[in-house]
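Next come the chains, spelled out residue by residue.
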Amino acid sequence: MRYTQLGRTGLKVSRLVLGTMNFGPQTDEADSHAIMDAALAAGINFFDTANVYGWGENKGRTEEIIGNWFAKGGERRDKVVLATKVYGNMGTDGEAWPNHDKLSAVNIRRAVDASLKRLRTDHIDVYQFHHVDRRTPFEEIWQAVDVLVQQGKILYVGSSNFPGYKIAQANEIAARRGGTIGLVSEQCLYNLAERRAEMEVIPAAQEYGLGVIPWSPLHGGLLGGVLKKEATQGRRASGRATDSLADTTIRAQIQAYEDLLDKHGLEPGETALAWLLTRPGVTGPIVGPRTAGQLESALRAAELELSEELLSGLDEIFPGPGPSPEAFAW
């Protein structure tokens, strides 16, 4: 496993990030623990979760599964760079009591303590804002963060789903306050089929020294060989991929993608991950295996070397927006 620094920090993280969103809803606790053991054995040290994972009446369940795994000992917690998130409504009845969601100082304090309890740990390495809170000023957010850092409950702070201007605003306010390192990572939707982040989000992250952590690297399965599986295994697409393939233009694009990789003898899902590892500013994509086999596939992707010919072919099929501001101006 290769490692890199998380943005401008001294924190060393693996180039694959273990996503845990399926732990609980789709993967039971025993299998989740086995996947985490296998990931750690393979050198993956960066684990990502969120307080809302588990969903519905089971919100928080994913953090509990991870906490139970840490409790097994064997230096599990010491070896893991642990990232979780705050923002969502944690009410099991779907209703948020006032101040029980988003990024007020009150909710950040409450959410950190609840996550620490579920995760059975005394600190969170990277605490991430799961979404922009348009009503809470960053002065308030950073004040709450400073207290938690001083208490040793969190070490670094990252964002998720932030536009470029909010990354800039957050870090400029942090710099003006002094003594606050600001955001060190941004977790965003980014993959071959969805490259809008290249226009503003990734340039902002690079300018301010944030590591970029792409989520949905296979774009809901669309980049995972969906047409090949449909033809050879009779497996129909589901979720986002189903809606996308209903568009004949997108379907033709995915067919061209799979044909290109077939020519090079490569697997679509592994190539999509490997492509992200070639992108400027990317720390590592989040892989969210439901099974041990899916983890093995992701690990193979980390070792792939993509030729310039293949990279050019991928750019022809999935052209990015181009550099900013030239993508929309001159």
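Up top you'll find the structure we're talking about.
The structure contained in this document is the topic of the report that follows.

Rules of the game
- Residues numbered from 1 in each chain as written.
- Predicted model: local features only at pLDDT ≥ 70, side-chain atom pairs only at ≥ 80, totals over all residues.
- Heavy atoms only, no water.
- Core = buried A, V, L, I, M, F, W, Y, C linked by side-chain atoms within 4.5 Å.
- Buried < 20%, exposed > 50% of the residue type's maximum accessible area, 1.4 Å probe, protein only.
- Helix = DSSP H or I, 4+ residues; strand = E, 2+ residues; numbered from the N terminus.
- 1 Å grid on protein atoms, 1.4 Å probe; cavity = no way out; pocket = protein on both sides within 12 Å on 5 of 7 lines; lining within 4 Å.
- Points joined across faces, edges and corners; volume = space filled by probe spheres on them.
- Nonpolar A, V, L, I, M, F, W, Y, C, P; charged D, E, K, R; others polar.
- Salt bridge = Lys/Arg side-chain N within 4 Å of Asp/Glu carboxyl O.
- Arc of directions from axis to C-beta.
- Contact = heavy atoms within 4.5 Å.
- Pairing = 2+ DSSP bridges.

**Remarks on the nonpolar core**
Okay, so step 1: Counting residues in hydrophobic clusters, the biggest one holds 78 residues, and the most contacted among them are I108, F129, W142 and Y257.
Okay, so step 2: When residues in this core are grouped by element, the largest group, six residues, is from helix 5 (residues 138–150).
Okay, so step 3: Counting residues in each nonpolar core, the second largest holds 12 residues, with L6, V17, V81 and A83 among its members.

**Some words on the layout of surface pockets**
Okay, so step 1: Taken as a whole, the second largest pocket spans an internal volume of roughly 190 Å³.
Okay, so step 2: As for the second largest pocket, its lining consists of N161, F162, P163, E186, C188, L189, E194, R196, A197, V201 and W215.
Okay, so step 3: The element best represented in the lining of the second largest pocket is strand 8 (residues 183–189), accounting for three residues.
Okay, so step 4: A per-class count over the lining of the second largest pocket returns seven nonpolar, one polar and three charged.

**Quick look at the pattern of salt bridges**
Okay, so step 1: One pass over the structure, following the stated rule, counts 16 salt bridges.
Okay, so step 2: A salt bridge links D315 to R195, with the shortest nitrogen-to-oxygen separation between them at 2.9 Å. With D315 in helix 13 (residues 308–317) and R195 in the loop between strand 8 and helix 7 (201–207), the pair connects residues that are 120 residues apart, well separated along the chain.
Okay, so step 3: We classify R195 as buried; its relative accessible area is 8%.
Okay, so step 4: Between E230 and R251 there is a salt bridge, with the nearest N and O atoms lying 2.6 Å from each other. Of this pair, E230 sits in helix 8 (residues 226–233) while R251 sits in helix 10 (residues 248–264); the two residues are 21 residues apart in sequence, bridging distant segments of the chain.
Okay, so step 5: By relative accessible area, which is 31% here, R251 ends up partly exposed.

**Side note on helix 8**
Okay, so step 1: The complete set of buried residues in helix 8 reads V226, L227 and E230. Take helix 8 and look down its axis: the buried residues cluster within an arc of 105°, on one side only.
Okay, so step 2: Close packing links the buried residues of helix 8 with helix 9 (240–245) and helix 10.

**Structural notes on helix 13**
Okay, so step 1: Considered for burial, the residues of helix 13 that qualify are L310, L311, G313, L314 and I317. One side of helix 13 carries all its buried residues, which in axial view fall inside an arc of 160°. Away from its buried face by more than 90 degrees, helix 13 exposes E308, E309 and E316.
Okay, so step 2: Elements that come into contact with the buried residues of helix 13 comprise helix 10 and helix 11 (268–277).

**Topic: the pairing of strand 5 (residues 81–86)**
Successive side chains on a regular strand alternate, one facing one side of the sheet and the next facing the other.
Okay, so step 1: Of all six residues in strand 5, six are buried; the element is thus mostly enclosed.
Okay, so step 2: Neither face of strand 5 is left uncovered, since the one carrying V81, A83 and K85 and the one carrying L82, T84 and V86 both have all their residues buried.
Okay, so step 3: Direction of pairing for strand 4 (residues 46–48) relative to strand 5: parallel, over a ladder of three bridges. Following the sheet pairing, D48 is matched in strand 5 by A83.
Okay, so step 4: Looking at chain direction, strand 5 and strand 6 (residues 124–129) are connected through four bridges and run parallel. The residue bridging K85 from the neighbouring strand is Q128, located in strand 6.

**Observations regarding unusual backbone geometry**
Okay, so step 1: The omega torsion across S324 and P325 is 10°, close enough to zero to call that bond cis.
Okay, so step 2: One non-glycine residue, R120, adopts positive backbone phi at about 55°.
Okay, so step 3: With respect to the helices and strands, the residue R120 is situated in the loop between helix 4 (105–119) and strand 6.
Okay, so step 4: In this structure, N161 is a non-glycine residue whose phi angle is positive, near 65°.
Okay, so step 5: Residue placement: N161 occurs in the loop between strand 7 (154–160) and helix 6 (164–177).
Okay, so step 6: Judged by relative accessible area, N161 falls into the partly exposed class, the value being 31%.

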